[in-house]
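Now for the letters of each chain:
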Amino acid sequence: SAHVDVFPAARGGAEAMAASFGVPFLGRVPIEPALTRACEAGRRSLPGSPDVVRPIADRILASTEMEREAEEAAASMMDGSL
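About the thresholds
- Residues numbered from 1 in each chain as written.
- Predicted model: local features only at pLDDT ≥ 70, side-chain atom pairs only at ≥ 80, totals over all residues.
- Heavy atoms only, no water.
- Helix = DSSP H or I, 4+ residues; strand = E, 2+ residues; numbered from the N terminus.
- Buried < 20%, exposed > 50% of the residue type's maximum accessible area, 1.4 Å probe, protein only.
- Contact = heavy atoms within 4.5 Å.
- Areas by Shrake-Rupley, 256 points an atom, 1.4 Å probe, with all protein chains shown as cover.
- Salt bridge = Lys/Arg side-chain N within 4 Å of Asp/Glu carboxyl O.

Draft legend 1. Inspection of the overall build of the chain at higher detail. In terms of regular secondary structure, the chain is built from three helices and zero strands. Mapped from its N terminus to its C terminus, the chain presents α and β elements in the order α-α-α. Expressed as a percentage of its 82 residues, the buried residues of the chain come to 7%. A separation of at least 24 residues holds for 30% of the contacts in the chain among residues at least 6 apart in sequence. Surface accessibility of the chain: about 6,500 Å² in total, with carbon and sulfur atoms responsible for 61%.

What follows is the structure, encoded as structure tokens:
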């Protein structure tokens, strides 16, 4: 399969784009037709291939969990239960 940089490195790549929007860079997913078909079929990866989506999903889950915990802590501080 061919490697295509959707976000050219000459401009800083996807990491620079994420930084410019003030959002975390979560990872890379190869644009591979077979992976696209697998994802559309409800699978995160191809048989015999590394799961490239899982680390990104884990980062998203960790981020949302930290956000939820921060919101709960802020709410506790506001109602005096902390």
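Draft legend 2. Structural context of the environment of I56. The residue I56 is located in helix α3 (residues 54-79) in this model. With 30 residues separating them in the primary sequence, I56 and L26 have C-alpha atoms 5.5 Å apart. With near-sequence residues (within four places) excluded, I56 lies in contact with L26, G27, R28 and V29.

Draft legend 3. Focus on the pattern of salt bridges. Under the counting rule described, the total for this entry stands at two salt bridges. Among the ionic pairs, R68 bridges to E65, the shortest N-O distance being 2.4 Å. With a gap of three residues between them, R68 and E65 both fall in helix α3, about one helical turn apart. We classify R68 as partly exposed; its relative accessible area is 36%. The partner of E72 in a salt bridge is R68, with the nearest N and O atoms 2.3 Å apart. Placement of the pair is E72 and R68 together in helix α3, with a separation of four residues, close to one helical turn. Connected through salt bridges with shared partners, the residues E65, R68 and E72 form a single ionic network.

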